[in-house]
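Chain by chain, the residues:
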Amino acid sequence: MPAPPVRLADVETPAAVVDLDRLERNITTAARYATGHGLQLRPHVKTHKSTAVARRQLEAGAVGLTCATPRELDVMATVCDDLFWAHPPVGAAKIARAMALPPHVRLTVAVDDLSQVAALASAAVAANRRVGVLVEFDVGMRRVGVPAVPALVTMAQAVAAASSLAFDGITCYPGHIRQPVGEQASALAVLQQRLLAASDALSAAGLPPRVVSAGSTPTMWRTHEVPAITEMRPGTSVYHDRTTASIGVCTWDDIAMTVLATVISTSIPGQVVLDAGTKALGREPMRGTDGEGWAVLQDRPHLVVERMSEEHGIIVLGDDPWRPSVGEVVRLVPNHVCVAMHNFDRVVGVRGDRVESMWDVEARGRAGLVP
Ligand SMILES: Cc1ncc(COP(=O)(O)O)c(C=O)c1O
């Protein structure tokens, strides 16, 4: 690997840049919060997809990692022996890949359908491994998860009846709670009631949940207000972004990831064109919050990338006096960091303007593997 360039200005753009001081602070504050409230922390790796960052999270006290894709499982098994696959295990090729994880890796899987329980149970028998299962509960997002408590109990019983599976508890993702942090109280109270009802019904059926896994970045600092939760799984909080700052989960100065971009044209009056378009920033709207466009300048957040092509991002200046020259380098805060990061093979780690390290985004992409 070539020696890293020393200055950020030397890096080819567009590039994913991570401020190491902020990354370290974000990892530490999440770990301190979890410890301080007696919660287990199992960060979702979909945001960083890098073993270099996962290692730091584990060193800070994470009990394990959460993954969405088989590729994330494969990659994270090289640094962690306790993985939660929080995505419906559907498709023989995917399940086979999960079963082929090294035997020392403790694998737990989320399910919301009896067909998944059956497929997982027989694949686990064939692989000679015992797989932990959390039954997924829909707590209001209406994406995946069993919506009714009786069906949740039935599924837990099916899991408990399979000798190759262990019923460990329930999981949910409260992705519908995206309002500003100060306005979440009533939604969190409803979440607590839902989880308590599910836990009580499971206990009455002789299957008390050992684990109640939940937690998102928007709700992370208020997780302790839902005492039914035993484990939290924030992902975005490792880097943060324009969306999480806009709802007050973090300050602007906590945002660790930016996209380094170069001004490539100013020839149309009143606008600035950057070399970061959809293939660097993604095209993610500001979910549930006010805010236009797809990204903003880190040091001029009122200036918004309003239009994009694949390799062009366009800022309309309006009345703003900023008139950069072609070649000037800027840093952009994307709306949604997880999708932006997935566009990059590598991350440039900086302290101030000095490049200190680089690491690969090993779990990005999709291999289309044939069994
Ligand atoms: C199942 C699951 N758990 C945890 C997370 C992490 O949540 P956040 O992105 O809010 O940090 C996600 C995010 O999509 C998720 O889908």
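In case you missed it, the structure is sitting above this.
Residues numbered from 1 in each chain as written. Predicted model: local features only at pLDDT ≥ 70, side-chain atom pairs only at ≥ 80, totals over all residues. Heavy atoms only, no water.

A. Main features of the overall build of the protein. Across its full length, the protein holds 10 helices and 17 strands. Taking 2.2 N^0.38 as the reference for a compact globule, 371 residues should give roughly 21 Å; the C-alpha atoms of the protein span a radius of gyration of 22 Å, in line with that estimate. Judged by the C-alpha coordinates and their principal axes, the protein covers about 70 × 45 × 35 Å. By residue count, 55% of the 371 residues in the protein fall in the buried class. Summarising the internal contacts of the protein: among those between residues at least 6 apart in sequence, 67% fall at separations of at least 24. Taken as a whole, the protein presents about 15,500 Å² of accessible surface, with 53% of it coming from carbon and sulfur. (Helix = DSSP H or I, 4+ residues; strand = E, 2+ residues; numbered from the N terminus. Rg over C-alpha atoms; globule rule 2.2 N^0.38 Å. Buried < 20%, exposed > 50% of the residue type's maximum accessible area, 1.4 Å probe, protein only. Contact = heavy atoms within 4.5 Å. Areas by Shrake-Rupley, 256 points an atom, 1.4 Å probe, with all protein chains shown as cover.)

B. Focus on the layout of surface pockets. Roughly 1,100 Å³ of volume is contained in the largest pocket. Secondary structure elements with two or more residues in the lining of the largest pocket: α3 (70-76), α4 (92-99), α8 (242-246) and α10 (337-341). Considering every element that reaches the lining of the largest pocket, the biggest residue donor is α4, with four residues. Taken together, the residues of the lining of the largest pocket sort by class into 17 nonpolar, 17 polar and 13 charged. Taken as a whole, the second largest pocket encloses approximately 240 Å³ of empty space. Lining the second largest pocket are 12 residues, with V11, E12, A15, R346 and V348 positioned closest to its centre. (1 Å grid on protein atoms, 1.4 Å probe; cavity = no way out; pocket = protein on both sides within 12 Å on 5 of 7 lines; lining within 4 Å. Points joined across faces, edges and corners; volume = space filled by probe spheres on them. Nonpolar A, V, L, I, M, F, W, Y, C, P; charged D, E, K, R; others polar.)

C. Fine view of the pairing of strand β10 (residues 257-265). Burial within β10 is extensive, with seven of its nine residues counted as buried. In the sheet, strand β1 (residues 15-19) pairs with β10 via four bridges, with the strands oriented antiparallel. Bridging from a neighbouring strand, V17 pairs with T258 of β10. Alignment of β10 against strand β15 (residues 329-334), held across four bridges, turns out to be antiparallel. Within β15, the residue paired with T262 across the bridge is V329. Here β10 pairs with strand β11 (residues 271-274) via two bridges, running antiparallel. Considered in β11, the bridge of S265 is made with V273. Hairpin connection between β10 and β11: a loop of five residues separates the two successive antiparallel strands, and G270 in this loop has a positive phi of roughly 85°. (Pairing = 2+ DSSP bridges.)

D. Examining the packing of aromatic side chains more closely. This structure, assessed with the given rule, holds one aromatic pair. Ring geometry for Y33 versus W221: centroids 5.5 Å apart, planes at 80°, classification edge-to-face. With Y33 in helix α1 (residues 20-36) and W221 in the loop between β8 (211-214) and β9 (231-232), the pair connects residues that are 188 residues apart, well separated along the chain. Y33 gets classed as buried once you look at its relative accessible area, which sits at 9%. Judged by relative accessible area, W221 falls into the partly exposed class, the value being 28%. (Phe/Tyr/Trp six-rings, centres within 6.5 Å; stacked < 30°, edge-to-face > 60°.)

E. Highlighting the site of the ligand. Taken together, H44, K46, A86, R143, Y173, S216, T217, P218, R233, P234, G235 and T236 make up all the residues around the ligand. The side chain of R233 places a nitrogen or oxygen atom 3.1 Å from a nitrogen atom of the ligand. In the complex, 90% of the free accessible area of the ligand, which totals 390 Å², lies under the protein chains. Its atoms largely coinciding with the cavity grid, the ligand occupies the largest pocket. A class-by-class count of the residues in the shell around the ligand yields four nonpolar, five polar and three charged. (Near = heavy atom within 4 Å. Polar contact = N/O pair within 3.5 Å; in protein donor to acceptor, adjacent residues only side chain to side chain. Sits in = over half its atoms within 2 Å of the grid points.)

F. Looking closely at the sheet that holds strand β6 (residues 131-136). The strand order across the open sheet formed by eight strands is β2-β9-β8-β7-β6-β5-β4-β3, and the pairing between neighbours is parallel. The outermost strands of the open sheet, each flanked by one partner alone, are β2 (40-41) and β3 (65-67). The pairing of strand β7 (residues 165-171) with β8 spans three bridges and is classified as parallel. Pairing of T171 across the sheet is with S213, part of β8.

G. Looking closely at the side chain of S237. Among the structural elements, S237 can be located in the loop between β9 and α8. If sequence neighbours within four positions are ignored, S237 has contacts with N26, T217 and M220.

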